[in-house]
Amino acid sequence: GKTLGDPTETSLVDYYMKHNGDYYDKLEQYPRLAEIPFDSDRKLMSTLHRIDDTLYMVTKGAVDVLLDRVTDILDNGVVRPITEEDKLRIQNENQKMSENGLRVLAFAQKQEDDEKIDLHDEQGYTFVGLICMIAPPREESAQAVQNCIRAGIKPIMITGDHKVTASAIAKQIGIFKEGDLVMIGTELDKISDEELSELLPKISVYARVSPEHKIRIVDLWQKKGQIVAMTGDGVNDAPALKKADIGIAMGITGTDVAKDAADMILLDDKFTTIAYAIKEGRRVYRNIQKVIQFLLVGNIAEILTLFVATVFNWETPLLAVHILWVNLATATLPALALGVDPASKNIMKHPPVKSGTLFEASLISRVITQGIFV
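Residues numbered from 1 in each chain as written. Predicted model: local features only at pLDDT ≥ 70, side-chain atom pairs only at ≥ 80, totals over all residues. Heavy atoms only, no water.

J.: What is the right way to read the nonpolar core from this model?
T.: In terms of nonpolar packing, the biggest core is built from 23 residues, with Leu67, Val70, Ile82, Ile90 and Phe127 touching the most fellow members. Contributing elements (two or more residues each) for this core: β1 (34-39), β2 (44-51), β3 (54-61), α3 (63-67), β4 (70-75), α4 (84-99), β6 (103-111) and β7 (125-133). Ranked by residues supplied to this core, first place goes to α3 with 4 residues. Look past the residues within four positions of Val70 in its chain and what remains in contact with it is Ile82, Lys87, Ala108, Tyr125 and Phe127. Grouped together as the second largest cluster of nonpolar side chains are 21 residues, Leu188, Val218, Ala240 and Ala258 included. (Core = buried A, V, L, I, M, F, W, Y, C linked by side-chain atoms within 4.5 Å. Buried < 20%, exposed > 50% of the residue type's maximum accessible area, 1.4 Å probe, protein only. Helix = DSSP H or I, 4+ residues; strand = E, 2+ residues; numbered from the N terminus. Contact = heavy atoms within 4.5 Å.)

Laid out in C-alpha cells, this is it:
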C-alpha cells in the first residue's frame, strides 16, 4: 500500500491506480518487452509493449526534447500531422504549468516492426499528451535555507527540471532572490571556466544539467577556496558526490551507487537534517575549542607563575601537589562539562571557519590574555 522508489515514477503509478485501477494487472496484460532507460543527457525513457497484436514504443520525457521528435498528434482518438500551432499550444501549456512550480512530462508513442529498439528509434513519434506533478517543498525547508544563508552558507539548486519550474520552487524556499541568475546546461556549454567562475556567486539555480556540468560547478567552487557539499540520489549524481568535499546521499530514494560515492547518508532525505548537522558540527567544534582554551589557560597560568617566581628568585609558589590538584581535580570536571555544552543561540549566525584548524588566532589571544589574568 506504500510507494517506494523514484518520486516521479511512483507518483505516475499512484496517479494511474487512483483513476484506472490496478497498475500491475495492466503491466501483466502488456508486459515490458524492451527498455531504453532514462538518461539525463537525452532526458527520455522508452519502453516497448505489444498492444492488440501491435508493437508500440511508448516514451516519456522533457517536453522541449520530445516535441522536437514528434511528427503526429493524437487528437480525440484520431492521429493527424502535428502543426506549428499545436506545438505552440503545448509549449504555452508547459510554460504555464512550469511557472506554478509543476514538473511537466510529455508522452508520445509510435509503432515498431520488431522487439529490438535503440536510441535511433526515438523519433517520428505521435504526441499523446502532458502530465504535471508537484513535489511541494516541505514547510520547514524555507526556514532551513534561511538558517544556512545566515550562517554564511550559499545554497544552490542543481536540477534536471525545466528552468521555469526550478526557478519557481527556488523562489518558494528562498534560494532564488532578486538579482540572482538561472543557467541551463546548454548555456554552460557555451561559456569558458573563467567566465563561469566570475558568474558563480550570482547563480542560484542550474536547470537541465548533465553529470559533467555538476562536476564542473563543484570544481570551480573548490578552486575559489570554498568547501563544497553536494547532495544527490541518482547514479548521475555519483561523480559530483565523489568530487565534492562532502558528498551527501539520500538514504530513502538514493541509489546504491550514490550512497557508495557519498561521505554522508541522510536517513530521512530532509534538507533540514543537513542544516541540523551543520549546527551540531559547529557545536562540537566550539566545545572542543572551549575545552582546549580552559585547559591551556590553567597551564599558562601555572607556567607564568613559576616563571615569574624563578626570575625574581622567590620561593616556589606552587608545589607538585598543587599542580596535580589543579590539573586533576579542579580542571577535569569543568572541562567535561564544557565538552557537552549546548549550542549557543547565535551559533548559526556566525560565518564558517576559514582557518581549517582548531587554533584560530582569536583562540590563541584568549588563551594568553586569560592565562595572564588567572
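J.: Can you help me understand the environment of His350 in this one?
T.: Relative to the helices and strands, His350 is located in the loop between α14 (332-339) and α15 (361-373). Counting along the chain gives 91 residues from His350 to Lys259, while the straight-line C-alpha distance between them is 31 Å. In contact with His350, not counting residues within four places along its chain, are Ala151 and Arg282. Within polar-contact distance, the side chain of His350 engages the backbone oxygen of Asn346 at 3.4 Å. (Polar contact = N/O pair within 3.5 Å; in protein donor to acceptor, adjacent residues only side chain to side chain.)

J.: Quick question: what am I supposed to make of the packing of helix α12 (residues 271-311) against α14 here?
T.: When two helices pack together, their arrangement is given by the angle between their axes and by how far apart the axes lie. Running from N to C, α12 and α14 point in directions that differ by 165°, and their axes come no closer than 8 Å. On the basis of their axis angle, the class for α12 and α14 is roughly antiparallel. The chirality of how α12 crosses α14 is right-handed. Taking contact as the criterion, the partners of Arg283, Asn287, Lys290, Val291, Phe294 and Leu295 in α12 are, on α14, Pro334, Ala335, Leu338 and Gly339. Residue composition of the contact of α12 with α14, grouped by class: 6 nonpolar, 2 polar and 2 charged. (Axes fitted to C-alpha atoms, helices over the stretch in contact; angles between N-to-C directions. Parallel < 35°, antiparallel > 145°, perpendicular 65-115°, else oblique. Left-handed = near helix turned anticlockwise from the far one by under 90°. Nonpolar A, V, L, I, M, F, W, Y, C, P; charged D, E, K, R; others polar.)

J.: Looking at this structure, how should I read the pattern of salt bridges?
T.: Pairing between side chains becomes possible if they bear opposite charge and their charged atoms approach one another. Under the criterion given, the structure shown has 20 salt bridges. Across the pair Lys18 and Asp14 runs a salt bridge whose closest N-O atoms are separated by 3.6 Å. Taken together, the positions of Lys18 and Asp14, both in helix α1 (residues 7-20) and 4 residues apart, correspond to about one turn of that helix. Residue classification places Asp14 among the partly exposed positions, given a relative accessible area of 32%. Of the charged contacts, one joins Asp161 and Arg103 as a salt bridge, the two residues approaching to 2.8 Å between their closest N and O atoms. Of this pair, Asp161 sits in the loop between β8 (157-158) and α6 (163-173) while Arg103 sits in strand β6, and the two are 58 residues apart along the sequence. Residue classification places Arg103 among the partly exposed residues on the basis of a relative accessible area of 30%. (Salt bridge = Lys/Arg side-chain N within 4 Å of Asp/Glu carboxyl O.)

J.: Explain the packing of aromatic side chains to me, please; I cannot follow it from the model alone.
T.: Centre distance and the angle of the planes are the two values used to describe a pair of aromatic rings. By the definition in use, this model includes 3 aromatic pairs. Arranged with centres 6.4 Å apart and planes meeting at 75°, the rings of Tyr16 and Tyr23 form a pair that is edge-to-face. Residue classification places Tyr23 among the partly exposed positions, given a relative accessible area of 22%. Between Tyr23 and Tyr24, the ring centres sit 5.2 Å apart and the planes meet at 75°, which makes this aromatic pair edge-to-face. Each member of the aromatic cluster is reached from another via a ring pair, and the members are Tyr16, Tyr23 and Tyr24. (Phe/Tyr/Trp six-rings, centres within 6.5 Å; stacked < 30°, edge-to-face > 60°.)

J.: When you look at the pairing of strand β10 (residues 203-207) in this model, what are you seeing that I'm missing?
T.: Counting buried positions over the 5 residues of β10 gives 5, a clear majority of the element. Alignment of β8 against β10, held across 2 bridges, turns out to be parallel. When the bridges of β10 are listed, Ile158 appears paired with Tyr206. Looking at chain direction, strand β9 (residues 181-184) and β10 are connected through 4 bridges and run parallel. (Pairing = 2+ DSSP bridges.)

J.: In this structure, what is going on with the sheet that holds strand β11 (residues 229-232)? I would like to understand it.
T.: Reading across the sheet, the 3 strands line up as β11-β12-β13 and stay open at both edges, with parallel pairing between neighbours. Two strands lie at the open edges of the sheet, namely β11 and β13 (264-266), each paired on one side alone. Adjacent strand axes in the sheet meet at a mean angle of 25°, parallel and antiparallel pairs treated alike. Two strands pair when backbone bridges link them, and β11 and strand β12 (residues 246-250) are joined in this way by 4 bridges, in the parallel orientation. Note on β12: the bridge partner recorded for Ala229 is Ile246.

J.: I keep staring at the side chain of Ser167 and nothing clicks. Help me out?
T.: Within the fold, Ser167 resides in helix α6. Taking relative accessible area as the criterion, Ser167 reaches 13% and is therefore assigned buried. The residues touching Ser167, leaving out its near neighbours within four places in the chain, are Phe176, Val182 and Val205.

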